[in-house]
Amino acid sequence: MLAVRGLRAGYGAIEALRGVDLDVGEGEIVTLIGANGAGKTTLLMTICGMPRAMQGTIHFAGSDITHLPTHRIMRMGLAHAPEGRRIFPRMTVLENLRMGAVVSDPAFLDQDLERVMTLFPRLKERIGQRGGTLSGGEQQMLAIGRTLMARPKLILLDEPSLGLAPLIVKQIFEVIREIAKQGVTVFLVEQNAHQALKLATRGYVMVNGRIEIQGSGAELLANPQVRAAYLEGGAH
Ligand code: ATP
């Protein structure tokens, strides 16, 4: 579904990605963990076409998307829920969800809304409420729900658990599992390494713009280096 090879990207003189190779297979939940500033967000953004790749290739669902503009990539079935739940605060929940559907066939709107409401019953209860008045957890649900309205093949989630209470984090992770069951491939960036690795089929560890360790979720959970740096205090 996603194949990244030798990817380099950054901001002016700052090279944030220094040769990244990774794969996400269809139907997988793959997680990327790493310390603050490792380059995780930059990777997701580069996959979406902004910033542009300086070197290397990105293939999505069999097509080379390395040099495509963001809107073309989105139309091909790739959706991105950025860090910090960028919902539209003055729009209602329903309006926010409709915004997510702008790239998909309007004939599916009602069906897609129903699907998102089933995943997130809380959003159904708050359908007429303004996005900005939702709790942090509800805003995260809305941000994920909005990406699903685009009927993506692959979703990129950037730290969906950030700043949320443990119970809400658990709910968000359960929904991610459910989304994958429904056939959407998931690439998840997380600081919450323990939960993310438990959920993931496979994981990658990024250090200073490069992938340093990779393996199944279980392998990484048992890896002494990963445990020391990301699971037992260490970097977090
Ligand atoms: P975090 O977990 O803190 O979000 P991250 O792994 O997602 O970290 P990035 O946000 O990708 O890391 O940052 C990678 C590097 O690129 C950092 O050194 C950061 O300072 C730099 N960087 C990120 N965004 C910009 C920008 N817009 N302009 C200049 N440098 C940037």
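Basis of the calculations
- Residues numbered from 1 in each chain as written.
- Predicted model: local features only at pLDDT ≥ 70, side-chain atom pairs only at ≥ 80, totals over all residues.
- Heavy atoms only, no water.
- Patch = residues over 30% accessible without salt bridge, like charges linked within 9 Å, V, L, I, M, F, W, Y side chains within 5 Å.
- Areas by Shrake-Rupley, 256 points an atom, 1.4 Å probe, with all protein chains shown as cover.
- Salt bridge = Lys/Arg side-chain N within 4 Å of Asp/Glu carboxyl O.
- Helix = DSSP H or I, 4+ residues; strand = E, 2+ residues; numbered from the N terminus.
- Axes fitted to C-alpha atoms, helices over the stretch in contact; angles between N-to-C directions.
- Parallel < 35°, antiparallel > 145°, perpendicular 65-115°, else oblique.
- Left-handed = near helix turned anticlockwise from the far one by under 90°.
- Contact = heavy atoms within 4.5 Å.
- Buried < 20%, exposed > 50% of the residue type's maximum accessible area, 1.4 Å probe, protein only.
- Arc of directions from axis to C-beta.
- 1 Å grid on protein atoms, 1.4 Å probe; cavity = no way out; pocket = protein on both sides within 12 Å on 5 of 7 lines; lining within 4 Å.
- Points joined across faces, edges and corners; volume = space filled by probe spheres on them.
- Nonpolar A, V, L, I, M, F, W, Y, C, P; charged D, E, K, R; others polar.
- Pairing = 2+ DSSP bridges.

When you look at a nonpolar patch on the surface in this model, what are you seeing that I'm missing?
On the surface, Phe88, Met99, Val102 and Val103 cluster together to form a nonpolar patch covering roughly 310 Å² of accessible area. Take Met99: it is sitting in helix H3 (residues 93–100).

What am I meant to see in the packing of helix H6 (residues 136–148) against helix H7 (residues 166–181) here?
The relative placement of two packed helices comes down to the angle between their axes together with the axis-to-axis distance. It is at 10 Å that the axes of H6 and H7 come closest, and there the two elements cross at 15 degrees. On the basis of their axis angle, the class for H6 and H7 is roughly parallel. In the packing of H6 onto H7, the handedness of the crossing is right-handed. Along its contact with H6, which presents Gly137, Gln140, Met141, Ile144 and Leu148, the element H7 presents Ile168, Gln171, Ile172 and Ile179.

How should helix H4 (residues 109–119) be read in this particular structure?
Inspection of H4 places Asp112, Leu113, Val116, Met117 and Leu119 among the buried residues, and these make up the whole buried set. Seen from one end, H4 has its buried residues packed into an arc of 160 degrees, which puts them on one side. Seen from the buried face of H4, the exposed residues on the opposite side, beyond 90 degrees, are Asp110 and Thr118. Contacts from the buried residues of H4 go to H3, helix H5 (121–125), H6 and H7.

How do you make sense of the layout of surface pockets when you look at a structure like this?
With a probe scaled to a water molecule rolled over the atoms, the places where space remains empty come into view. Space inside the largest pocket adds up to approximately 480 Å³. Lining the largest pocket are 19 residues, with Met74, His80, Pro82, Arg146 and Thr147 positioned closest to its centre. Of all the secondary-structure elements, those providing two or more residues to the lining of the largest pocket are helix H1 (40–47), strand S6 (78–81), H3 and H6. Sorting elements by how many residues they give to the lining of the largest pocket places S6 first, with three residues. A per-class count over the lining of the largest pocket returns 11 nonpolar, four polar and four charged.

Got a minute to help me understand the sheet that holds strand S1 (residues 2–11) in this structure?
By way of backbone hydrogen bonds, the strands of a sheet pair with one another, either parallel or antiparallel. Read across the sheet, four strands follow the order S2-S1-S4-S5 without closing on themselves; strand pairing throughout is antiparallel. Looking at strand neighbours, the two that pair on one side only are strand S2 (14–24) and strand S5 (63–64), the edges of this open sheet. Where S1 meets S2, eight bridges bridge the pair, whose relative direction is antiparallel. In the strand pairing of S2, Leu2 is matched with Val24.

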